[in-house]
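Coordinate inspection notes
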2 protein chains.
Amino acid sequence: MKRTYQDIRRTNRFAVMRHLIASAPVVRRDIAAATGLSVATASDIVNELHELGLLAEIGQQASGGGRPRNLLAPALEGPRLIGVDIAETYVHVEVFDPALRVLARAEYELHPHTNSPDYVVDRIVRGIDDAIAQAQVERGRILGVGVSIPGQVRPDGTASVFASNWNWNDVPLLALLTDRLPDVPVILDNPLRASTIAELWFGAARGRDNVAVLTLGTGVGAGLVIQGALYRGATNTAGEWGHTNLVIDGRNCRRGCVGCVETYVGAPGIMQHLAETDPDSPLLHPDDQMATINALATAHAAGDPAAQQVIATTGRYLGIAIANLINLCNPQIIVLTGWVADSLGSAVLPHVRATAARYALAEPWEGTEISLCPIDRNPVSLGAATLVLEGFLS
Amino acid sequence: MKRTYQDIRRTNRFAVMRHLIASAPVVRRDIAAATGLSVATASDIVNELHELGLLAEIGQQASGGGRPRNLLAPALEGPRLIGVDIAETYVHVEVFDPALRVLARAEYELHPHTNSPDYVVDRIVRGIDDAIAQAQVERGRILGVGVSIPGQVRPDGTASVFASNWNWNDVPLLALLTDRLPDVPVILDNPLRASTIAELWFGAARGRDNVAVLTLGTGVGAGLVIQGALYRGATNTAGEWGHTNLVIDGRNCRRGCVGCVETYVGAPGIMQHLAETDPDSPLLHPDDQMATINALATAHAAGDPAAQQVIATTGRYLGIAIANLINLCNPQIIVLTGWVADSLGSAVLPHVRATAARYALAEPWEGTEISLCPIDRNPVSLGAATLVLEGFLS
């Protein structure tokens, strides 16, 4: 409840580092102007970042008569960050420099029916070792590893995973990972939070105070940004927008609730719309969500009536669920991310906007925008690594 | 986005003043212990509050050998605060001391069909003059007037009011009031916010970081507390939970949306459940919401089957809408306030809890509680006056 001076210092460091990443090379007074800090405070933070090894002086700028000013940039030769995106079918690992540029990647498949924690942890560790070897980084130079896992991550580092073939409840994942990676700090969170941090630092949410980042995939959820920071709620479960109700007594959800948003706009929900529209549709691959969603996108673009109906139905449900967020949270921007949004986002967006305009109140509707994730690389591994950077800056 | 040192100072002042009001007489070290501040910081704030005239030294406490400690309390002879609760049928004015004890009250009826802004402003000003005269306060001693009006209040002080018989759109209410009250500062907000501030200072939300205060009356809405402070959103409309959707293509709402929470759990919505259950019910007073709701409460207590069915239906809708809040916002506590909650709250609560337990996810459900407003006086005028105090402390 009490805001502390540490909170402010952290927020200011984040702001300076974000500006540095986005606009380098910059001089101290640019940083002050862009962040709203005094030149003295900005200079203090620049010095701190320099000491932490995250910032480098890369040259000088002449200043009409006065002393030349140092040009500052993220220290490309500085510490390394690792981001891991775990999904049902793969482990994706990236190594980053302090500008969050990718230095190396590794990807391991996960077999859908062998998802024991030991097996998954082994694949994660192999992916990390592989990526570290490719990037030729000494392990002592790694600031930390951010791991995103699709599920509920508790403050004690245990995870319950909600992927349909996984059966994880309270798996001590952080302990298992730390056992295998004793030499690097590991943090654990879920893709909703990782994607939201990526939007906040690099995407459509940069510079915004109040944001909702909606992940659309097999599962569906939101990352909420309140006053410029990720909002976690009382027990770190805030953002379960995917499990708010859309249809009373509606479809059953794998998480035990009824008629929730996820059962109508998640990939299995969209497949159900398709099966209800045309049970014999050639677009339907009952055992392959991604193939079905991509086939829908292609068929929609080609004018296929069943695909258009499914897209319209999905967009209507999504529009109502987004209007609820707009009315309750009054965000400046809503960003759609995740693989279903990548595939169907542009097709579904006109339907979403038309429906949300009808269900949202005029004032918050006029104060918001709805956009697709503009980040052209994996936002989850990027966000997971950025969580490590945020932790280090705190 | 940037948190400032002023934010912290304000938050700390609020914490000290709240503790002082709740627990006086206290000594400096009690304040430090209760607020988590250092004794030095707590002492600085005590001195500031003393200079502002809000705090008095009312005696001394012996301290085993050392220097006696000053006993501190809100300055009962200090400045005065005024809170105004405007509803469809009345203007209620209260004068408070810095402990937020009521010194005087005045109430004027509003005729439901003469709600021109000039008429309403005239009643407000008369109520204020009347209450000031009763309390025998010189006008120079009044810190300010907080006015709560049921509707949307914009940052420029214009108001749109959503009471069913009013037809206010962008009425420059703040300017009209300031014209008539040139000698006292006036602030304007709505009852959702006033009730929330009252819960935060004096009610069930004291000491909580993440709270939703739900006002149930003719209209329905939420006040959201995030990290201990009122959350207003991007354009000051956050909290329109009453207009989130419950039934797709459901009942029409006076605000233009469709099937929203308010149309199922607001007083007119409850009356519609009753009319649908038993069109000839003797409980139904078509032109008197309060008489109908109170008749329902009495009949429910007496075991009347129609009343019990209406309460169960209302509780089920309310439970789903509350589960949505729990899943999305993960609050520590949800407080029900407003005249419908006063009348039907204890009857409806078991149904709310049973339904919310089914529709909420297990983790956030276990981390929250649902309770009725424990404040035994008008929370709206109290909260409106507290908004003045908060403004002064900022």
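**Looking at the sheet that holds strand β8 (residues 159-161) of chain B**
Hydrogen bonding along the main chain pairs the strands of a sheet, whether they run parallel or antiparallel. All names here are of chain B. A sheet is described by the order of its strands in space; here three strands give the open sequence β7-β8-β9, paired in antiparallel fashion. Strand pairing shows two members of the sheet lacking a second neighbour, β7 (151-153) and β9 (168-171), which therefore form its edges. Taken over all neighbouring pairs, the strand axes of this sheet differ in orientation by 5 degrees on average, direction set aside. Where β8 meets β9, two bridges bridge the pair, whose relative direction is antiparallel. Residue pairing across strands places V161 opposite W168, the latter belonging to β9.

**Focus on the domain arrangement of chain A**
Residue and element names in this part refer to chain A. Looking at the assigned domains, one finds that chain A contains domain 1 (5-74), domain 2 (80-194 + 379-393) and domain 3 (208-372). The distance between the C-alpha centroids of domain 1 and domain 2 comes to 30 Å. Counting from both sides, the interface comprises nine residues of domain 1 and, opposite them, eight residues of domain 2. Taken as a group, F14, I21 and L54 account for 52% of the area that domain 1 buries against domain 2, more than any other trio of residues on that side. Applying the counting criterion to the domain 1 and domain 2 interface returns one residue pair in polar contact (both at pLDDT 80 or more). Its residues assigned to classes, the side of domain 1 that touches domain 2 comprises seven nonpolar, no polar and two charged.

**A closer look at the relation of the copies chain A and chain B**
After a rotation of 180 degrees and a shift along the axis of 0.1 Å, chain A superposes on chain B with an RMSD of 0.0 Å. Such a turn and shift between the copies fits a two-fold axis. Both copies share a contact surface, since 100% of the interface residues of chain A are interface residues in chain B too.

**Overview of the nonpolar core**
Taken as a class, soluble globular proteins show a tendency for nonpolar side chains to be buried jointly. Judged by nonpolar contacts, the single largest core of 105 residues is most densely connected at W241 and I322 of chain A together with W241 and I322 of chain B. Look past the residues within four positions of W241 of chain A in its chain and what remains in contact with it is L214, L216, V220, G221, A222, V261, L318, A321, I322 and L325 of chain A together with L328 of chain B.

**As for the packing of aromatic side chains**
The full count for this structure, using the stated rule, is eight aromatic pairs over all chains. Pairing F14 of chain A with W201 of chain A gives two aromatic rings, centres 5.9 Å apart and planes at 55 degrees, and the pair type is tilted. Here F14 of chain A, found in helix α1 (residues 5-23), pairs with W201 of chain A, found in helix α6 (residues 191-202); they are 187 residues apart in sequence, far enough to count as distant. The class of F14 of chain A is buried, set by a relative accessible area of 10%. Aromatic pair Y264 of chain B and Y317 of chain B: ring centres 4.7 Å apart, planes at 35 degrees, arrangement tilted. Taken as a pair, Y264 of chain B in helix α7 (residues 262-265) and Y317 of chain B in helix α10 (residues 305-329) lie far apart in primary sequence, 53 residues in all. An identical accessibility class is assigned to Y264 of chain B and Y317 of chain B; each is buried. Taken together, the ring pairs in this structure connect F14, W201 and F202 of chain A into an aromatic cluster. Here the basic side chain of R377 of chain A rests over the ring of F202 of chain A, its NZ or CZ set 5.8 Å away from the ring centre.

**Section: unusual backbone geometry**
All names here are of chain A. The residue after A24, namely P25, is reached through a cis peptide bond having omega 0 degrees. One can find P25 in the loop between α1 and α2 (28-35). Although it is not a glycine, Q136 sits at a positive phi angle of roughly 55 degrees. The topology assignment puts Q136 in the loop between α4 (117-135) and β6 (142-148). Q136 gets classed as exposed once you look at its relative accessible area, which sits at 68%.

**A few points about the packing of helix α8 (residues 267-277) of chain B against α10 of chain B**
Residue and element names in this part refer to chain B. Relative orientation of the contacting elements α8 and α10 amounts to 135 degrees, with a least axis distance of 9 Å. As far as their axial angle goes, α10 and α8 are oblique. Relative to α10, α8 is oriented so that their crossing is right-handed. The segment α8 lies against α10, with I270, H273, L274 and T277 engaging A306, Q309, V310, T313, T314 and Y317. Its residues assigned to classes, the contact of α8 with α10 comprises five nonpolar, five polar and no charged.

Basis of the calculations
Residues numbered from 1 in each chain as written. Chains lettered and ligands numbered in written order. Predicted model: local features only at pLDDT ≥ 70, side-chain atom pairs only at ≥ 80, totals over all residues. Heavy atoms only, no water. Pairing = 2+ DSSP bridges. Helix = DSSP H or I, 4+ residues; strand = E, 2+ residues; numbered from the N terminus. Axes fitted to C-alpha atoms, helices over the stretch in contact; angles between N-to-C directions. Domains from an automatic or database assignment. Contact = heavy atoms within 4.5 Å. Buried area = accessible area lost by both parts, 1.4 Å probe. Polar contact = N/O pair within 3.5 Å; in protein donor to acceptor, adjacent residues only side chain to side chain. Nonpolar A, V, L, I, M, F, W, Y, C, P; charged D, E, K, R; others polar. Least-squares fit on C-alpha atoms with pLDDT ≥ 70 in both. Core = buried A, V, L, I, M, F, W, Y, C linked by side-chain atoms within 4.5 Å. Buried < 20%, exposed > 50% of the residue type's maximum accessible area, 1.4 Å probe, protein only. Phe/Tyr/Trp six-rings, centres within 6.5 Å; stacked < 30°, edge-to-face > 60°. Lys NZ or Arg CZ within 6 Å of the ring centre and 35° of its normal. Parallel < 35°, antiparallel > 145°, perpendicular 65-115°, else oblique. Left-handed = near helix turned anticlockwise from the far one by under 90°.

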